[in-house]
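Architecture and fold: a report
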Amino acid sequence: MTPKNSEEDDRRTRITVLVALAANLLIAVAKAVGGLFAASPALLSEAAHSVADSLNEVFLLAALRRSRRPADRKHPFGYGKERFFWSLLAAVGIFVMGGCFSFFQAFEALTSGGQEESRGGYVAGLVVLGVALLAEGSSLARAVHQVRVQPGDGIGSDPALRTVLAEDGTAVIGVLIAAGGMTLHMVTGRIEWEAAASFSIGVLLVYVAYRLGRSARDQLIGEAGDPELHRGIRELLAAQPEIDNVAALHTMQLGTDSTLVAARIDLAPGIESERLELVLERVKRSVQDRWPEADQVFLDVVNAPKPVSER
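Our subject in this report is the structure included herewith. Quick caveat, the model's predicted, so the values are computed rather than measured.

What counts, and where the lines are drawn
Residues numbered from 1 in each chain as written. Predicted model: local features only at pLDDT ≥ 70, side-chain atom pairs only at ≥ 80, totals over all residues. Heavy atoms only, no water. Helix = DSSP H or I, 4+ residues; strand = E, 2+ residues; numbered from the N terminus. Buried < 20%, exposed > 50% of the residue type's maximum accessible area, 1.4 Å probe, protein only. Areas by Shrake-Rupley, 256 points an atom, 1.4 Å probe, with all protein chains shown as cover. Expected span 1.5 Å × (residues − 1). Phe/Tyr/Trp six-rings, centres within 6.5 Å; stacked < 30°, edge-to-face > 60°. Axes fitted to C-alpha atoms, helices over the stretch in contact; angles between N-to-C directions. Parallel < 35°, antiparallel > 145°, perpendicular 65-115°, else oblique. Left-handed = near helix turned anticlockwise from the far one by under 90°. Nonpolar A, V, L, I, M, F, W, Y, C, P; charged D, E, K, R; others polar. Salt bridge = Lys/Arg side-chain N within 4 Å of Asp/Glu carboxyl O. Pairing = 2+ DSSP bridges. Contact = heavy atoms within 4.5 Å.

**Some details on the overall build of the protein chain**
Of the regular secondary structure elements, the protein chain holds 9 helices and 3 strands. In sequence order, the protein chain lays out its α and β elements as α-α-α-α-α-α-α-α-β-β-α-β. Burial analysis of the protein chain (311 residues in total) assigns 46% to the buried set. Per element, the accessible surface of the protein chain, about 15,200 Å² overall, is 62% carbon and sulfur.

Structure (structure tokens):
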């Protein structure tokens, strides 16, 4: 991925995050007002869900900005892993603010017994959920569109886009669950239906938070690069006439468009020490020209040729 393409992908991701943020802020207010008016635990759970998503979008915007800072003495490999850190915080936000609050609402509804509200309150709540479904669906459509037009594995390589897609998809499912619980409560008069809806939303949010958090954790502690990239680099190194054997090859993802490559190689017999540096530089350029994302390439010669004076 070239820097120009990477910047364009970031621009599209930023727009996608802003669309999701605007939708969630509007929906959070509407859900909270509707939930208080209808005394609906399911709707209040969805309000907490939208608040958590709004905070997470702020985290993702910070990640997009901070991860583009250039490398410096303190961080010689750049700040690409900022995205993984802020994505991990977003996962924690989904778990704490969304999942735990939903469980609390379910428990509160069951222990308090719940007061049956007027039919008008529930109708108003369902209208709010209908508007929320349209807004969340529009945001989800925007995220899906970006995944389709973005080159490569957009979901796997960009944690910000992956988080927005997961949040919007979960929000759509959560709205449908909340609407089902409110409808059944209104029809039967039993609060257990809304308690079950709140509990189901909590389970859904905890699962999504776990999946997002596990992915961010793997990337933070040093996840290997794409297997196809690894295989392609090994084949290119092995095909070089100056390399007799690739003893070891390791890759690590440093950011969405930055990968570290470290290889231990055996050189073919007969290479003079004077040529060694030129050979290594040419091989590095070959790797970086074919895979621009492999911007940190280190080659360690296992059996370096001896200087002429030592032979």
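So that's the structure; there's more coming.
**Some words on helix H6 (residues 159–188)**
Relative to the 44 Å expected for 30 residues at 1.5 Å per residue, H6 spans 43 Å between its end C-alpha atoms, a close match to the ideal helical length. Of the residues one or two after H6, Gly189 is the one with positive phi, at around 80°.

**Concerning the packing of aromatic side chains**
Evaluation of the coordinates by the stated rule reveals 5 aromatic pairs. Residues Phe85 and Trp86 carry aromatic rings whose centres are separated by 5.4 Å and whose planes lie at 75° to one another, so their mutual orientation is edge-to-face. Phe85 sits in the partly exposed class, given a relative accessible area of 38%. By relative accessible area, which is 16% here, Trp86 ends up buried. Ring centres of Phe101 and Phe104 lie 6.3 Å apart, and the angle between their planes is 40°; on these two criteria the pair is classed as tilted. Here Phe104 and Phe101 lie together in helix H3 (residues 82–112), a separation of 3 residues that amounts to about one turn. By relative accessible area, which is 44% here, Phe104 ends up partly exposed.

**Focus: the packing of H3 against helix H7 (residues 192–220)**
Axis separation between H3 and H7 bottoms out at 8 Å; the angle between their running directions is 165°. Relative to H7, the element H3 is oriented roughly antiparallel. The chirality of how H3 crosses H7 is left-handed. For the contact of H3 with H7, a count of residues per class yields 20 nonpolar, 9 polar and 1 charged.

**Comments concerning the pattern of salt bridges**
One pass over the structure, following the stated rule, counts 8 salt bridges. The closest approach of N and O atoms between Asp257 and Arg68, which form a salt bridge, is 3.0 Å. Taken together, the positions of Asp257 in the loop between strand S1 (243–255) and strand S2 (258–267) and Arg68 in the loop between helix H2 (41–66) and H3 put the pair 189 residues apart, joining distant regions of the chain. Looking at Asp257, the relative accessible area reads 18%, which means it is buried. Across the pair Asp218 and Arg217 runs a salt bridge whose closest N-O atoms are separated by 2.8 Å. Residue Arg217 is classed as partly exposed on the basis of its relative accessible area of 44%. Overlapping salt bridges bring together Arg66, Arg69 and Glu82 as one network.

**Some points on the sheet that holds strand S3 (residues 296–301)**
Here we have 3 strands laid out as an open sheet, ordered S1-S2-S3, and mixed in their pairing. For this open sheet the edge positions go to S1 and S3, each flanked by a neighbour on one side alone. Here the strands of the sheet are splayed against their neighbours by 15° on average, with no regard to which way each runs. Of the strand pairs in this sheet, S1 and S2 are connected by 10 bridges, and their pairing is antiparallel. Residue Asn245 lies in a different strand from S2, and its bridge partner there is Asp266.

**Describing the environment of Ala63**
Checked against the element boundaries, Ala63 lands in helix H2. Judged by relative accessible area, Ala63 falls into the buried class, the value being 1%. Once the C-alpha coordinates of Ala63 and Phe84 are considered, the two residues, 21 residues apart in sequence, prove to be 8.1 Å apart. Setting aside its immediate chain neighbours within four residues, Ala63 contacts Glu82, Arg83 and Trp86.

**Some thoughts on the pairing of S2**
Counting buried residues in S2 gives 8 out of 10 residues, a clear majority hidden from the surface. Hairpin connection, S1 to S2: the antiparallel pair is bridged by 2 residues. Across 6 bridges, the pairing between S2 and S3 is parallel. Bridging across to S3, Ile265 finds its partner in Val301.

Geometric descriptors of this kind do not, in isolation, establish any biological role.
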